[in-house]
Amino acid sequence: MSIVDRISDHVQEHRSGMVTDLVFALVWVTIVEVFFNFVDGPQWAYYMFMLAGIVAYFGFFWSLKMARAQQ
């Protein structure tokens, strides 16, 4: 099995998860960018908000998983 075949199989298997991750990242970056263009905050705070996206990502999907488990 070639590398192209393995990548193709991986993408087909995880397509919905990859799209969800991409949408979350685009929405988070857009929100932070718009907010800091409006507020004109310091550069270090901008980077901290971008890094907070990692915590927000895992927190959001963890809580979603817990909510689905309770149903």
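These numbers were taken from a predicted model, which means no experiment stands behind them. (Residues numbered from 1 in each chain as written. Predicted model: local features only at pLDDT ≥ 70, side-chain atom pairs only at ≥ 80, totals over all residues. Heavy atoms only, no water.)

(A) Spotlight on the overall build of the chain. Check the secondary structure of the chain and you find three helices and zero strands. Along the chain direction, N to C, the helices and strands of the chain fall in the order α-α-α. Over its C-alpha trace the chain gives a radius of gyration of 17 Å, far above what one expects of a compact globule, namely 11 Å for 71 residues. Across its three principal directions, the C-alpha atoms of the chain cover 50 × 35 × 15 Å. Classification of the 71 residues of the chain by burial places 8% in the buried group. (Helix = DSSP H or I, 4+ residues; strand = E, 2+ residues; numbered from the N terminus. Rg over C-alpha atoms; globule rule 2.2 N^0.38 Å. Buried < 20%, exposed > 50% of the residue type's maximum accessible area, 1.4 Å probe, protein only.)

(B) Region of the structure containing a nonpolar patch on the surface. A cluster of nonpolar side chains, namely Ile3, Val4, Ile7, Val11 and Met18, defines an oily patch on the protein surface of about 440 Å² accessible area. With four residues, helix 1 (residues 3-13) is the single largest residue contributor to the nonpolar patch. Relative to the elements of secondary structure, Val4 occurs in helix 1. Accessibility expressed as a relative area gives 58% for Val4, which makes it exposed. (Patch = residues over 30% accessible without salt bridge, like charges linked within 9 Å, V, L, I, M, F, W, Y side chains within 5 Å. Areas by Shrake-Rupley, 256 points an atom, 1.4 Å probe, with all protein chains shown as cover. Salt bridge = Lys/Arg side-chain N within 4 Å of Asp/Glu carboxyl O.)

(C) Region of the structure containing the packing of helix 2 (residues 15-39) against helix 3 (residues 43-70). Two numbers describe how helix 2 lies on helix 3: the axes approach to 10 Å, and their chain directions differ by 145 degrees. Helix-helix and strand crossings are classified by hand; for helix 2 and helix 3 the assignment is right-handed. Contact residues: Thr20, Asp21, Phe24, Trp28, Val29, Val32, Glu33, Phe35 and Phe36 in helix 2; Ala45, Tyr46, Phe49, Met50, Ala52, Gly53, Ala56, Tyr57, Phe60 and Phe61 in helix 3. The class makeup of the residues in the contact of helix 2 with helix 3 is 15 nonpolar, two polar and two charged. (Axes fitted to C-alpha atoms, helices over the stretch in contact; angles between N-to-C directions. Left-handed = near helix turned anticlockwise from the far one by under 90°. Contact = heavy atoms within 4.5 Å. Nonpolar A, V, L, I, M, F, W, Y, C, P; charged D, E, K, R; others polar.)

(D) Main features of the packing of aromatic side chains. Summed over the entire model, instances satisfying the criterion amount to 12 aromatic pairs. Taken together, a centroid distance of 6.4 Å and an interplanar angle of 10 degrees make the contact between Phe24 and Trp28 stacked. Of this pair, Phe24 and Trp28 both sit in helix 2, separated by four residues, roughly a single helical turn. The class for Trp28 is partly exposed, based on a relative accessible area of 24%. What links up through ring pairs into an aromatic cluster is the set Phe24, Trp28, Tyr57, Phe58, Phe60 and Phe61. (Phe/Tyr/Trp six-rings, centres within 6.5 Å; stacked < 30°, edge-to-face > 60°.)

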